[in-house]
Structures are given as C-alpha cells and as structure tokens.
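Chains, contacts and geometry: an overview
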Amino acid sequence: MTYWLVPIQEDMWDVIRDKGVYGYKESLEEFIKEGDYIIIYVSKYYAKRYGGKIVGIVKVLSNWYEDPTPIYPEETVRNRGIYIYRVKVEPVVIGECDMRKILDKIRFIEDKGQIAKYLRNAPANLKRPIPEYDAKIIEECLKESLLNI
C-alpha cells in the first residue's frame, strides 16, 4: 500500500470526488499505480474554502490513460483537455484536515520552515511516497473533521 500526496486547484476537487477521476498534465505512472492511495491537498492558490487543507484520500482503481475530454473547470472554460493523463479513483475518506493542525505530528515534512517545498508538484513530497505512519495521522484528521460537522 503506497500513499502519494498531490496538490490540486480547489475547483478540481468536486470532479475528482464526484466523477471519480484524477487527472494531471503529464503521466504519473512511474510513481502512482493501480491500488495506491492519493492524498488530495488543495493548494492555497486561488482557494476560497479548502486552501491549505487535505480534503480526502482516494484509492486508484485503474492504470493511467489519456483522455482529452474537458471535465475540470479550467478545461471546460478553454474547451480543451489540460489534465489529460488520468486514473479512476474512489474516495476512501473525505473531510477537511488543516495541515497546520497536524504539522507537528507528521514526519514527511522534515524541514518545518520550508513546508511549501513538500506540498508542490505531483507527486508532492519531493516525488517520494508518504509514510504510512503519516497517512494514518491524515486519515484520522479527516475522520475527526466529519465528527465536528
């Protein structure tokens, strides 16, 4: 079981959650495989609600494939596919976990003064998997947010 962290733009989350598709501008098949888990982090850039939060963990159900069909908001506005390398996913746990709340508990962010370098690009964490220890902390944080609704 391998966990990967990927940052997304906030408006992509509804599509990932509701349509069960994660897409990126280049293939990530070298890293993320069928059966792996993706931890979805919403970057602060242009975010209104979820910026700086992890919103879910999804399981990868397929191999990577190319599909130019516009499904994400940025694609539908431009009427062309941008995130054409895709995998099918299903939610494992959905919620809102503020990274600041768990920063002192997680280990993958080794340099707490340079948090941003661990939260950019895909996969994030400098293209390294997220340790299962940290994935469990994130999962608990997401589950706790559901209890506080």
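Provided above is the structure to which this section pertains.
Here the structure is a predicted model, which is why all the values come from computation and not from measurement. (Residues numbered from 1 in each chain as written. Predicted model: local features only at pLDDT ≥ 70, side-chain atom pairs only at ≥ 80, totals over all residues. Heavy atoms only, no water.)

The next thing to look at is the overall build of the protein chain. In terms of helices and strands, the protein chain carries five helices and six strands. Walking the protein chain from its N terminus toward its C terminus, one meets helices and strands in the order β-α-β-β-β-β-α-β-α-α-α. Its C-alpha atoms put the protein chain at 40 × 30 × 30 Å along the principal axes. Buried residues in the protein chain amount to 49% of all 149 residues. A separation of at least 24 residues holds for 68% of the contacts in the protein chain among residues at least 6 apart in sequence. (Helix = DSSP H or I, 4+ residues; strand = E, 2+ residues; numbered from the N terminus. Buried < 20%, exposed > 50% of the residue type's maximum accessible area, 1.4 Å probe, protein only. Contact = heavy atoms within 4.5 Å.)

What follows is about the pattern of salt bridges. Within the structure shown, the criterion is met by twelve salt bridges. Close ionic contact of R86 with D67 constitutes a salt bridge, the shortest N to O distance being 3.7 Å. One end of the pair, R86, is in strand β6 (residues 85-98); the other, D67, is in the loop between β5 (65-66) and α2 (73-78), and 19 residues separate them in sequence. Look at R86 and you get buried, because its relative accessible area is 1%. Here D67 falls in the partly exposed class, since its relative accessible area comes to 24%. Notably, a salt bridge pairs E74 with R78, separated by 3.3 Å at the nearest N-O pair. Remark: R78 and E74 occur in helix α2; sequence separation between them is four residues, near one turn of the helix. With a relative accessible area of 48%, R78 lands in the partly exposed category. (Salt bridge = Lys/Arg side-chain N within 4 Å of Asp/Glu carboxyl O.)

In this section: the packing of aromatic side chains. Any pair of aromatic rings gets described here by the distance separating the centres and the angle formed by the planes. In this structure the tally under the stated criterion is five aromatic pairs. Ring plane angle 70° and centroid distance 5.9 Å describe the contact between W4 and F31, whose orientation is recorded as edge-to-face. Here W4 is found in strand β1 (residues 3-8), whereas its partner F31 is found in the loop between β2 (21-24) and β3 (37-42), with 27 residues between them in sequence. By relative accessible area, which is 19% here, F31 ends up buried. A ring pair is formed by Y22 and W64, whose centres lie 6.2 Å apart and whose planes are at 80°; its orientation type is edge-to-face. Here Y22, found in strand β2, pairs with W64, found in the loop between β4 (53-60) and β5; they are 42 residues apart in sequence, far enough to count as distant. Its relative accessible area of 1% is what places Y22 among the buried residues. (Phe/Tyr/Trp six-rings, centres within 6.5 Å; stacked < 30°, edge-to-face > 60°.)

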